[in-house]
Every structure is written in structure tokens, then in C-alpha cells.
Amino acid sequence: MEDGFSSYSSLYDTSSLLQFCNDDSASAASSMEVTDRIASLEQRVQMQEDEIQLLKSALADVVRRLNLSEEQQAMGTRRGPTKARPMIATLPLRPTVNNGTVLPKKGSGTLPSPSGPGSRKDATTPANKSTVRRANSNEHVGTLTRKDSGDSKGNRTRAGSTGSNSSGKRSESKQRDPVFNAEEGYVKMFLKGRPITMYMPKDLVDNYSLEARADLPSNKLKLDWVYGYRGRDCRSNLYLLPTGETVYFIASVVVLYNVDEQLQRHYAGHTDDIKCLAVHPDKITIATGQVAGTSSDGKQLAPHVRVWDSVSLNTLHILGTGFFDRALVCLAFSKSNGGNTLCVVDDSNDHVLSVWDWQREDRLAEVKCSNESVFAADFHPTDSNVIVTCGKSHLYFWNLEKGVLVKKQGLFEKQEKPKFVLCVTFAENGDTITGDSSGNILVWGKGTNRISHVIQGAHEGSIFALCMLRNGSLVSGGKDRRLISWDSSYQQIQMVEVPELFGPIRTVAEGRGESVLIGTTKNFVLQGSLDGEFTPITQGHTDELWGLAIHPCKSQFLTCGHDRQVSLWDSSSHQSIWTKHMEDAAQSAGFHPSGAVVAIGTETGRWLVLDTDSKDLVTVHTDGNEQLSVMRYGPDGNFLAIGSHDNYIYIYAVAENGRKYSRVGKCSGHSSFITHLDWSVDSQYLVSNSGDYEILYWIPSVCKQVVSMETTRDISWATYTCTLGFQVFGLWPDGSDGTDINAVCRSNEKSLLVTGDDFGKVHLFSYPCSQFRAPSHVYGGHSSHVTNVNFLYDDSFLVSTGGKDMSVMQWRIV
């Protein structure tokens, strides 16, 4: 138990806290002014609350660890996630929601609820309470259309379905069922009405039946690790919990990462991009808000807030389904009333600010906040009726009076009004502090809307983050990559500059002891102190991600994307081994069978070969001027096949263990761009798919097409990444338009098949998958089209990459 509690000593110095609480120097006999005495009492109460929170969090972490050890012991017999845990009765108990279903309320626990008193009413959504009329915004979420087409692949609909059987984009006319021709030994399936003929191995013809049912695989996937962080366009989304876990999000997953223990847990209740996060004063309850989405069957998914328990990972409440528009951009719990209220700003045209009694799922008030962008919203620390919002051209002080939010505008007076007010925090005495795009820090007197102090030119350029530390000092971070601390009279104490590699500072959070956590716009999470260096604890890509290659004999994989970044990862340590920046956006990658080199294909027709150990450039070539979608070495390492968007497959002879390349020629015959390639086990043949659903076979050494089905039908393939073929046609969902499935991979021991689709889903099938509409296990987590999937060399893990969500997810096969 000592280890369990030692991690908190650096978070809260409890001895000084108790000493302060027992100090009677601020008694009624004191000569202090009444206001000072009140401020002192408020501070004393806050510190006592901190002590209580610490004890609750410590207990919560002990319970979590006990549950974890119980889970590990029961791993052999357990099926699926545990809903109820034996120790959970010692925690504050609340009704929980799992998969959208409200569970019955349990008996009272041995601790008072950290959310304060008040019994829970029946969950109701007060849809009739809306008094805000939104300008040019959809009334009902059912008619929502996703405006942010940038998050879709080309012009495809983007989604994050919760359904367990994603069924593709529905075509208006019913898709024709496949046809089996026993005489010729082929199955003909139809995509968008186009016939695709797939010949089966001869020894399967006699016993094959289209009506036979495929089985679900006995294996399942469990999310093991999420690589990446969303700092590029999100704020205030990084916190340290008293349990030692750093909490942040990427795609539709909230990550709880214990750096010391190198463990991640994941809250996966969301169905699409998470955009904001708030931690309750009890440091256990967390709220996260997501964008609107579209399910795989075309239904609109409403933006909403999920309130959940960070110990059990159970959903407690779902707020605002049908009320919010487009997305949620800001979230904050109140601080002075036990965290009973939650303020939310959505991304509608009017950026509606609403206040909720989140335990009763009851909306207390709402108001049009601004028709310009809103960047931050927070409750005043000592007055739960006061909310401050800021954004483009505005700073508003809101007062909640009898269910109505009354606005006071911040008066800049002699101070030049900034274009953007970007962040807000509060001083110990109740003053409001803002950072803006002019690089100034402004202090606003408690209870007023006027400036009481200015730090002119605190930063060069925009100030993105302000954080008030426990010791009373203020830390600011901004576009100039500088992190500066200020004392209580706003004099500079220390300044440190974050290296350019990591990018501008997006958010700052207090770490353990003297350390701070930083989230950057280049999607790094850094840990360090103001007088030392910062080291990355999480890093990720910053633009659309497509390339994925698996090392042939080590637990390593490589990713590359449109951010021109190539990264080699270790799946065991979950760390980046190296990262290299390129001149062109990268699209594809493939390792040489020796593992000594890796080939990278770009969007411009250039391709490079890098040394795996040193990341040095081995060679560079150009074929055509369009994107290279596939880089695939033959199993014997003597050839490299490159599939291009110009409809050709370029073949190179490879020598000196992947260090010397000479062009053999190009395979010409496809009438659309190349999408997938696979080599035969003996490296003599190549099979390719194209954008118009062709399946062609080749002898790559002479760049000749093979048209005889008798030659090709019994070929054994070293890999199976083609989406079209007899062994895999069962993976296509009903009504598919042929573009739904982006990537396919067969496991190395040939019993599993995994796919990544346009709806953010990873599907696990049994292999071979040669029965129509084969069943699959379905896994969410990505919030964009899943661009690539691949098993590690020993099938211990599966790796998936998200396109626009820029995340890399590692799944354990169980």
C-alpha cells in the first residue's frame, strides 16, 4: 500500500495542508478586512476539499489496482469487459450507462458521492426546455449534414458507427447476390452492378456451397495501445489524475496513460471524434464531448457529452443528444458547489452555451454565446453562477440568475482589443486571467469586467495556454514555443523554450511535484520542468495517415503519412525508435524481407529506400508523377513491385540485400489505379486489384500478364492484402459500393482476416472468408476511415491506422 500512496506525496503536500487548516491566525480577532478574511476562509475550504479529493482518489486507485489484479487472474475464464466488480461497492455509486443502456441504481456505498448530495431523478432529456432559437442551424439532429468534409476520404461519407455489423453505404437498388458456377469453378460477385469473377482452387470446387454459413473467429481483439494525441486543433485536453495517469484523447478514444508503469487504459464509449475534455473536482469523474457523425447505414449520430468514471470506465450519464449541434468545443465542471454543474459550448452557428445539472441530466439554462469561434469556457472557482467564455473578438462574463444567463462584456478600454482571446484561468484571489493573440496577459478584477493589470508582450505571438500552479505561480505557453512562469505580482520567474521539433505549445497542465505537462500543435505530449528539459511521452502524426509496414522479424512497424513524417515504432516499448522528415507526402511503405531496408512511396511518384537501423537514405527513384499506393517486395527479396495511381505496376530487380535497384519494366493492363498487390510464395507471380474492381495476374520478372485461370487459381500467396479474390469476398458488406474496404490483411498463420473500412471500424473475420456476408467481430476507436491494417510478424498484435484521425492503434489478439 505504501507504493500506492507514495505517488500522491508529490501531488499534494498534505502536512503543510493540515498545518494550514489548523492555523488560527486568521481568526475573528484578526485585524484583517472582512473581504480578506472571506478570501482566506475560501482558500482554507478549498485546501480541505483538496485533502478529501486526495483521499478519494487514493482509494479509487487502490480499487482500480485490485480490480486489475483480479482481472489478470481471471483472464483465462473471462469473456468480454467486466461490468460489475467485487470491490466497486467501496466507491461512490451512481447509475451507470453501458452501451447506451441505463443500469438500475445500486445500493448505497460506504462513501458519500464525490459529486455532492442530491438524489438522482429518473433520467429524462428535457427537450422541451430549449429556449434558444439557433440561427441557420438545423433544428433536429436527424437532418444534420456533416459540414466538415475535410474529415472524409475524398468525398465519401465519414462515420463512427456503434453497430456491431457495419453494413456499408446503402445503394438505392438492391445488390445482386453472388453466383456460383460449379462447372467452371468460380464465384461471381457484384459491386455497383459490376460483375467480378473469382476462380477458386480446384480442390474446393466439388464441396463448395454458396449457402454454407461462415463461422465467427474464435479470437478477438483487445485495444492494447493508442499512439498519438490531438493537440493540433484542440485545447485544454491534457490532465494528470491523482492516480498518476495522464488523460488525453485522440480519434474517439480517451487515453489514460500511466507513464511510470507504462500502462494505458482506454475509455471507448464515443462513436466519433472527441473534441473536448473536462475533469471533475473529485478528480475521478470525467466529461468528454464528441462531434456529430454518420453511422454505416447512413443514420445521423448526434453530438453529445458523456460523463464517465475514470476508475471503472463506466459511462454515468449521456447529455444533450438532440440538443447540441455539429460538435462540442468547450466543457467545464463547476468548482465551488461540489462540481454539480457542467457548462458546455457547442459548434452551432450561435455557439450555444448551456449549463447542466449533469447528475440529473437536466439543462438549467442556455444562451447564444457568440456567432464567432469560442475557444474556452470555465466556471469561476468560488462562484458557481459565474462562467467566463472567450474566443474570436470577445470575452464574456456570464452570471446565472434564476435560470437565465446574463452577459457582461469584457471592457478593453485603453488596451487594444485583440483579434482572439485564446485562453482563460483564475488567480487565487478570484481575478480572471486571459491570454490573447497579441501576446498579452490581461488580469480582470474579481467580480468586474475591467482590466486591473496588463503583462504587455508576455509572448511573441499568440498565447494558447494558461495554467495556475498549486504554489500560486502562473504558467503561460504559446506560439513562440516559450513556457514562462509568473509570480503572484505577475513578475517573470522562469522561461524555457521548447525545441522547434515539438512545435508551439497548445495546452499546459500541472504534473507531479514541480513538473509540468505540455501538449503541442505537432501532437506531442511533453513532460518536464521550467528549469530542465522536456521529453516526449506521446507523439503522433499531424496529417492524414496511410502508410503502414511491418518489420519481417522484429516487433516493429513503420508508419508514414501526408505530414511527410516517417516513424519506426517498437510495439513492445510503445516508443518511437526514430522519425524522419521527407520532402514529399508519404502514401505507402514496405520492408525488404531481410528487414535491413524499407521502401517509402510518396504522392508525387518519387520513392525512397531507407536503412532501417540508421534511417539513412539508401536510394531514391521516380516512376510517373502520381501517388504510389503500394510498395511490396517479393518474398525472396529479389524484386520490388510498386503500384501507382497511373495504372501501372513498376517492377525493379533488387540486389545487395535491398541496396541496389534496377528497373525491369512496368506491368500495363489495368484501366484504373492500382489499389493492392500480393506476391506468390515462390516470388514468381503477382496479383493486383485496381480502382475499377479488376483482378489481374502477372509474371513480374518479364512484366507479362497471365490470362490462363488454370495457371493462377491454385497459386499460393505469401500475403493476402487484396480486397478482391475468392478467399476474401465474404468480407464485403451488403450494399457496398466497392470503396468501403480500404485495407485487408491475412494473419501469418492463415486463420484470421482483418479489414479496415470507411466507417472507422476494424473487422475480424475467419480466414478463408469465402462465404457471402461472412460474420465478423467489429471494433471501434478510429473516428475516420481506417486506411491500413496489418498483423505483426508473429501475429501477437494487429496495427491499424486512421486517415484523418491520424491515430495508430495496436490491438492484442486474444
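Residues numbered from 1 in each chain as written. Predicted model: local features only at pLDDT ≥ 70, side-chain atom pairs only at ≥ 80, totals over all residues. Heavy atoms only, no water.

S.K.: In this structure, what is going on with the pairing of strand E48 (residues 660–667)? I would like to understand it.
M.R.: On a regular strand, one side chain projects to one face of the sheet and the next to the other, so that they alternate. Where strand E47 (residues 649–655) lies against E48, 7 bridges are found, and the strand directions are antiparallel. Each residue of the ladder has a partner; that of Tyr 650, found in E48, is Lys 666. A loop of 4 residues connects E47 with E48, the two strands running antiparallel in sequence, and Glu 656 in this loop sits at a positive phi of about 55°. (Pairing = 2+ DSSP bridges. Helix = DSSP H or I, 4+ residues; strand = E, 2+ residues; numbered from the N terminus.)

S.K.: Just to check I follow, could you spell out empty space enclosed by the protein for this structure?
M.R.: It is a probe the size of a water molecule, rolled over the atoms, that shows where empty space is left. One pass over the full model with this rule turns up 4 cavities of 30 Å³ or more. Lining the largest cavity we find 15 residues, and of these Ile 537, Thr 538, Gln 539, Trp 569 and His 574 sit closest to its centre. Contributing elements (two or more residues each) for the lining of the largest cavity: strand E6 (221–227), strand E36 (534–538) and strand E40 (575–581). Along the lines of polarity and charge, the residues of the lining of the largest cavity split into 8 nonpolar, 7 polar and no charged. (1 Å grid on protein atoms, 1.4 Å probe; cavity = no way out; pocket = protein on both sides within 12 Å on 5 of 7 lines; lining within 4 Å. Points joined across faces, edges and corners; volume = space filled by probe spheres on them. Nonpolar A, V, L, I, M, F, W, Y, C, P; charged D, E, K, R; others polar.)

S.K.: Mind showing me how you'd approach the pattern of salt bridges here?
M.R.: Opposite charge on two side chains allows them to pair when their charged atoms are near. Inspection of the entire model under this criterion finds 23 salt bridges. A salt bridge links Lys 392 to Glu 372, with the nearest nitrogen and oxygen atoms 3.9 Å apart. On the criterion of sequence distance, the pair formed by Lys 392 in the loop between strand E22 (386–391) and strand E23 (394–401) and Glu 372 in the loop between strand E20 (362–368) and strand E21 (374–379) is long-range, its members being 20 residues apart. Residue Lys 392 is classed as partly exposed on the basis of its relative accessible area of 27%. (Salt bridge = Lys/Arg side-chain N within 4 Å of Asp/Glu carboxyl O. Buried < 20%, exposed > 50% of the residue type's maximum accessible area, 1.4 Å probe, protein only.)

S.K.: Please clarify how the nonpolar core should be interpreted in this entry.
M.R.: Burial of nonpolar side chains together is a common tendency in soluble globular proteins. Grouped together as the largest cluster of nonpolar side chains are 42 residues, with contacts concentrated most on Leu 221, Phe 557, Val 754, Val 762, Phe 791, Leu 798 and Trp 811. The dominant element in this core, judged by the number of residues it contributes, is E6, at 5 residues. The residues touching Phe 791, leaving out its near neighbours within four places in the chain, are Ile 550, Cys 745, Arg 746, Ser 747, Asn 748, Leu 752, Val 754, Leu 764, Phe 797, Leu 798 and Ile 813. Grouped together as the second largest cluster of nonpolar side chains are 32 residues, Val 205, Val 706, Cys 722 and Ile 741 included. (Core = buried A, V, L, I, M, F, W, Y, C linked by side-chain atoms within 4.5 Å. Contact = heavy atoms within 4.5 Å.)

S.K.: Just to check I follow, could you spell out the sheet that holds E21 for this structure?
M.R.: Sheets are built from strands paired through backbone hydrogen bonds, the pairs being either parallel or antiparallel. With antiparallel pairing, the 4 strands of this open sheet are ordered in space as E21-E22-E23-E24. The strands lining the two open edges of the sheet, one partner per strand, are E21 and strand E24 (404–409). Here the average twist between neighbouring strands, direction ignored, is 25°. Here E23 pairs with E24 via 6 bridges, running antiparallel. Within E24, the position partnered with Glu 401 by the bridge is Val 404. (Axes fitted to C-alpha atoms, helices over the stretch in contact; angles between N-to-C directions.)

S.K.: What am I meant to see in the environment of Ser 672 here?
M.R.: Locating Ser 672 in the fold gives a position in the loop between E48 and strand E49 (674–679). Measuring from C-alpha to C-alpha, the distance between Ser 672 and Asp 692 comes to 5.8 Å, with 20 residues separating the pair along the chain. Leaving out residues up to four positions away in the same chain, Ser 672 has contacts with Asn 647, Ser 690, Gly 691 and Asp 692.

S.K.: I'm lost on the sheet that holds strand E53 (residues 741–746) in this one. Help?
M.R.: Taken in spatial order, the 4 strands line up as E53-E54-E55-E56 in an open sheet, and their pairing is antiparallel. Both outer strands of the open sheet, E53 and strand E56 (777–779), are each paired with one neighbouring strand and no more. For this sheet, the mean inter-axis angle between neighbouring strands, taken without regard to orientation, is 20°. Bridge analysis of strand E54 (residues 752–757) against strand E55 (residues 762–766) gives 5 bridges, and the strand direction is antiparallel. Within E55, the position partnered with Val 754 by the bridge is Leu 764.

S.K.: Explanation requested: unusual backbone geometry in the structure shown.
M.R.: If a residue is not glycine, its phi is most likely negative; likewise, a peptide bond is most likely trans. Cis geometry is found at the peptide bond from Tyr 767 to Pro 768, where omega equals 0°. Here Pro 768 is to be found in the loop between E55 and E56. A positive phi angle is found at Ala 251, which is not glycine, with a value near 55°. Here Ala 251 falls in the buried class, since its relative accessible area comes to 1%.

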